[in-house]
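The lines below spell out each chain.
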Amino acid sequence: SNDPKFLKATSKRAVKCAIDIQNKLNKFEMVKGRSLSVKIGLGVGESKILFVGGIFKRAEYLCVGEAMRQACESETHASGGGDIIVNEMIKAYVEDDKGLVFEEAHIGEGYKKTDNYKYYKLLPKPRTTIYKNIEGVGTRADAFLIRQKISKAAFDKHSDILRSFMPAGCKNYVHIEQESWCRELRLVTCMFLDIFIDLSKLDSEESYNKVQEIAYTVQRCVYLTTGALNKFLMDEKGSIFLLVWGLPPNSSTDDAVNCICSGFQLQREMKKMNLNKSKFPMIIIL
């Protein structure tokens, strides 16, 4: 929606959420001597949801568009953990709250600016009243209550669609309502694959079909070597596939070898698509 009232309300919710995340998680000590360092970028604008993939009825959910582009651009203006960076439009929507204080932020070293907007850093410990008088904003996010709101009957009604977004190793546990048994620690092999496509500028059926072709090809190459497509996302580093070998129900002593073989196959397949005139790089982390 382009309704200014709607954009103002959602911008305030996003900023409040960012403040809560930083207050609770930044510098949170995971284990002794190891703490989280959280940086947050916010954007506002048109967004699109893409559903891609399809091999073995496995689909990926991807959010793209101007809001995502701005959020990623905001992150490039963060100087370190604890920062909340907003686009100038979000600042305009929320600055009537006198408890919020901003200063202009500058793009980080190694990044190139992609627009003419100004970006601002929200200064620490704001005395915010941002929750007040905003319809639909409560003290607890609905996400915390989603498990109680969705009954098993409601889930089963749409299970075929919902299960297409779930890893195969988790489906049976969800069916018997024993998701906690999905949790385990194991040695895995990971690959990060950057396709160098600006997903925020997709604006035609042809461009949507191209992304679908890429996702389908990545699935095919990875599944041939018993790997898994963990997620497909857009962030300040680009358009990234996170691929994993060794997740349940498939695991072997050859996971690292399968990952590298799949990497060579992906390079060959991606070059056929003429995605980039330069080399088609990827990063493999073993």
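Above this text is the structure in question.
Notes on the structure in this doc start here. The model shown is predicted, which means the values in this text are computed figures rather than measured ones.

Here Ala215 shows up in helix 8 (residues 205–223). By relative accessible area, which is 1% here, Ala215 ends up buried. Considered as a pair, Ala215 and Gly54 are 161 residues apart in the sequence and their alpha carbons are 8.7 Å apart.

The next point concerns the pairing of strand 10 (residues 227–235). Pairing of strand 10 with strand 11 (residues 238–245), which is carried by 8 bridges, proceeds in the antiparallel orientation. The residue of strand 11 that forms the bridge with Met234 is Ser239. Here strand 10 hands over to strand 11 after 2 residues, the two strands then running antiparallel side by side.

On to the pattern of salt bridges. In total, this model carries 13 salt bridges according to the counting rule given. For Asp115, the salt bridge goes to Lys113, with nearest N and O atoms at 3.6 Å. According to the relative accessible area criterion, Asp115 is buried, its value standing at 13%. Judged by relative accessible area, which is 41%, Lys113 ranks as partly exposed. A salt bridge links Lys210 to Glu213, with the shortest nitrogen-to-oxygen separation between them at 3.8 Å. Here the residue Lys210 and the residue Glu213 both occupy positions in helix 8, the gap between them amounting to 3 residues, near one helical turn. Overlapping salt bridges bring together Glu66, Arg69, Lys113 and Asp115 as one network.

A few words on unusual backbone geometry. Even without being glycine, Phe56 reaches a positive phi, approximately 55 degrees. Within the secondary structure layout, Phe56 lies in the loop between strand 4 (47–53) and strand 5 (59–65). By relative accessible area, Phe56 is classed as exposed at 67%.

Moving on to the nonpolar core. Counting residues in hydrophobic clusters, the biggest one holds 29 residues, and the most contacted among them are Leu199, Val218, Phe241, Leu243 and Leu266. Secondary-structure elements contributing two or more residues to this core are strand 4, strand 5, strand 9 (189–194), helix 8, strand 10, strand 11 and helix 9 (255–272). Tallying contributions element by element places helix 8 first for this core, with 7 residues. With near-sequence residues (within four places) excluded, Phe241 lies in contact with Met191, Phe192, Leu193, Ile195, Ile214, Ala215, Val218, Leu229, Lys231 and Phe232. Ranked by size, the runner-up nonpolar core spans 16 residues in total, among them Val44, Val86, Val94 and Tyr120.

Another aspect to go through is the side chain of Asp115. Mapped onto the fold, Asp115 is located in the loop between strand 7 (102–105) and strand 8 (119–122). Separated by 2.8 Å, the side chains of Asp115 and Arg69 make a polar contact. Side chain to side chain, Asp115 and Tyr119 meet in a polar contact 2.6 Å long. If sequence neighbours within four positions are ignored, Asp115 has contacts with Arg69 and Glu73.

Criteria and cut-off values
Residues numbered from 1 in each chain as written. Predicted model: local features only at pLDDT ≥ 70, side-chain atom pairs only at ≥ 80, totals over all residues. Heavy atoms only, no water. Helix = DSSP H or I, 4+ residues; strand = E, 2+ residues; numbered from the N terminus. Buried < 20%, exposed > 50% of the residue type's maximum accessible area, 1.4 Å probe, protein only. Pairing = 2+ DSSP bridges. Salt bridge = Lys/Arg side-chain N within 4 Å of Asp/Glu carboxyl O. Core = buried A, V, L, I, M, F, W, Y, C linked by side-chain atoms within 4.5 Å. Contact = heavy atoms within 4.5 Å. Polar contact = N/O pair within 3.5 Å; in protein donor to acceptor, adjacent residues only side chain to side chain.

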